[in-house]
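Residues per chain are reported as follows:
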Amino acid sequence: MITTGRWTIINTVGRVCVITGGASGIGAATARRLAGAGYRVVVADLDLDGANRVAAEIGGFAAHVDVVNEQSVRALLGEVLERWGTPYALVTSAGVTQAPVPAEDLDLPEWQRVMTVNVQGTWLPAQIIGTAMAEEGRGAIATIASVAGMRSMPLHAYSTSKAAVIQLTSNLATQWGSRGVRVNGVAPGYTLTPLLESRIAEGERKIERILATNAMGRLVTADEVASTIEFLIGDAASAITGVTIPVDAGWLVTPSWSTYGELVELSHDHTNPLSKTNERTRQ
């Protein structure tokens, strides 16, 4: 950050950011946005081919990582240190979802899969790369939680895992705040990624139901989540740590209004439910 007279210039050129899960979805959108802002971006993913495609597009470099494997994450840090030095920022975007099922039908392997990837897969990169940042005395971490971690939902493993990520975010922020490392999170709502599009197309998610419980009557775009991440890891958020910001088009604040029935019925136009979201994508 450079101050000249009354103006402050946010200088991000050359800062190194590691993005786990950077090959697709929110991770890829974040990689593109940060590269455009001058960051040197490490696109880290289990899908190395996908990571290579994103890295080639933005001028970053791709790295293979298995976020649930300690040695793999340590190898990723070693590769980054050798090429570009200690990262300034980390975005933990790797994660998995689950189908909604009753508690009695959720088997242990599925529970373990979701919890391992979403919680351990956030913890290991944050612990290992965050420790390197703390030793340097500066840095910023952005975790990816979900509004599912803030409300009761029939996603028993997924919502629990994301609640854990929110708690982990505040814990690490307190641990490392005095050492110059800020830790914040984003909690996306229903975000228009290829995964959600496919589930809508296959009838697994009902777009009308999503929009009916959404104050803004639209989906969130991956770039809107990425822009919030850019803010949180940047100097404009220099006094912010330990918070998780919902990026949900008002999903969290809307459902309780339904108890008042037609008196406060929201008037969303569902004739073309993706149009508003796609319009923001084109801007």
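Refer to the preceding data block for the structure.
Residues numbered from 1 in each chain as written. Predicted model: local features only at pLDDT ≥ 70, side-chain atom pairs only at ≥ 80, totals over all residues. Heavy atoms only, no water.

(A) Broad picture of the packing of helix α4 (residues 108-136) against helix α5 (residues 156-176). It is the contact of α4 with α5, at a shortest axis distance of 8 Å, that shows an interaxial angle of 15°. As summarised for this structure, α4 and α5 are arranged roughly parallel, according to the angle between their axes. Pair α4 / α5 crosses with right-handed handedness. Where α4 abuts α5, its residues Trp111, Val114, Met115, Asn118, Val119, Thr122, Trp123, Ala126, Gln127, Gly130, Thr131 and Ala134 lie against His156, Ala157, Tyr158, Thr160, Ser161, Lys162, Ala164, Val165, Leu168, Leu172 and Trp176. Split by residue class, the contact of α4 with α5 holds 14 nonpolar, eight polar and one charged. (Axes fitted to C-alpha atoms, helices over the stretch in contact; angles between N-to-C directions. Helix = DSSP H or I, 4+ residues; strand = E, 2+ residues; numbered from the N terminus. Parallel < 35°, antiparallel > 145°, perpendicular 65-115°, else oblique. Left-handed = near helix turned anticlockwise from the far one by under 90°. Contact = heavy atoms within 4.5 Å. Nonpolar A, V, L, I, M, F, W, Y, C, P; charged D, E, K, R; others polar.)

(B) View of the sheet that holds strand β6 (residues 89-92). Pairing is parallel in the open sheet, where seven strands are placed in the order β5-β4-β3-β6-β7-β8-β11. Looking along the sheet, the strands with just one partner apiece sit at the ends: β5 (61-64) and β11 (244-247). The sheet shows a mean angle of 20° between the axes of neighbouring strands, taken without regard to direction. With four bridges joining them, β6 and strand β7 (residues 139-144) adopt parallel strand pairing. Along β7, the bridge assignment pairs Ala89 with Ala140. (Pairing = 2+ DSSP bridges.)

(C) Just the pairing of β7, in detail. In terms of burial, β7 is a largely internal element, six of the six residues being buried. Neither face of β7 is open: one carries Gly139, Ile141 and Thr143, the other Ala140, Ala142 and Ile144, and all of them are buried. Following the backbone out of β6, through α4 and into the adjacent parallel β7, one traces a crossover that is right-handed. Looking at chain direction, β7 and strand β8 (residues 181-188) are connected through six bridges and run parallel. Looking at the pairing, Gly139 lines up with Val181 of β8. (Buried < 20%, exposed > 50% of the residue type's maximum accessible area, 1.4 Å probe, protein only. Right-handed = clockwise from strand over helix to strand, strands pointing away.)

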